Amino acid sequence: IIREGSTYLQNMVVVSSRTMKSILELQPAKDSYSNILSLLVKTFEDNHRNFELVYAICGLFANVSLSSKGKMMLSKLGAGPTLHKVMKNAKDADLAQTAINALSNLTSK
């Protein structure tokens, strides 16, 4: 379900700027994992061997990190080290490229 949701959000972020705004404007409650992005970062870290899930989340992170607010949120949530780990250990060229794109967007000004 999370993989399908990530793929859907990845595509919707590209199609609709309102989707990006909605994702970024959701404020986390006291539980740090109540925000969509923090939930995805946690899922990403915990399931880094699930190829399809990681691929979908990397794509979403690449798109979200195109905005300055998205970069800031993903950086604060610690997505960078996990993306680096995926890039370094990926056996699939498309997954490695998607992780590289996400990292590139995350670190660009």
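What counts, and at which threshold
Residues numbered from 1 in each chain as written. Predicted model: local features only at pLDDT ≥ 70, side-chain atom pairs only at ≥ 80, totals over all residues. Heavy atoms only, no water. Phe/Tyr/Trp six-rings, centres within 6.5 Å; stacked < 30°, edge-to-face > 60°. Helix = DSSP H or I, 4+ residues; strand = E, 2+ residues; numbered from the N terminus. Buried < 20%, exposed > 50% of the residue type's maximum accessible area, 1.4 Å probe, protein only. pLDDT = per-residue confidence, 0-100. Contact = heavy atoms within 4.5 Å.

## A few points about the packing of aromatic side chains
So, point 1. Under the defined criterion, the tally for this structure stands at two aromatic pairs.
So, point 2. A centroid spacing of 5.4 Å and a plane angle of 70° characterise the contact between Phe-44 and Phe-61, whose relative ring orientation is edge-to-face. Here Phe-44, found in helix H3 (residues 36-46), pairs with Phe-61, found in helix H4 (residues 51-64); they are 17 residues apart in sequence, far enough to count as distant. Judged on exposure class, the residue Phe-44 and its partner Phe-61 are both buried.
So, point 3. A centroid spacing of 5.9 Å and a plane angle of 20° characterise the contact between Phe-51 and Tyr-55, whose relative ring orientation is stacked. With Phe-51 and Tyr-55 both in helix H4 and four residues apart, the pair spans about one turn of that helix.
So, point 4. Overall, Phe-51 belongs to the partly exposed group, its relative accessible area being 39%.
So, point 5. By relative accessible area, Tyr-55 is classed as partly exposed at 34%.

## A short note on the confidence of the model for the chain
So, point 1. Residues of the chain with pLDDT of at least 70 account for 73%, and the chain-wide mean is 80.
So, point 2. Helix H7 (residues 93-107) holds the highest mean pLDDT among the elements of the chain, 93, whereas helix H2 (residues 17-25) holds the lowest, 66.
So, point 3. Note on residues 30-34: pLDDT under 50 across the span, and six contacts to partners over four residues away in sequence or across chains.

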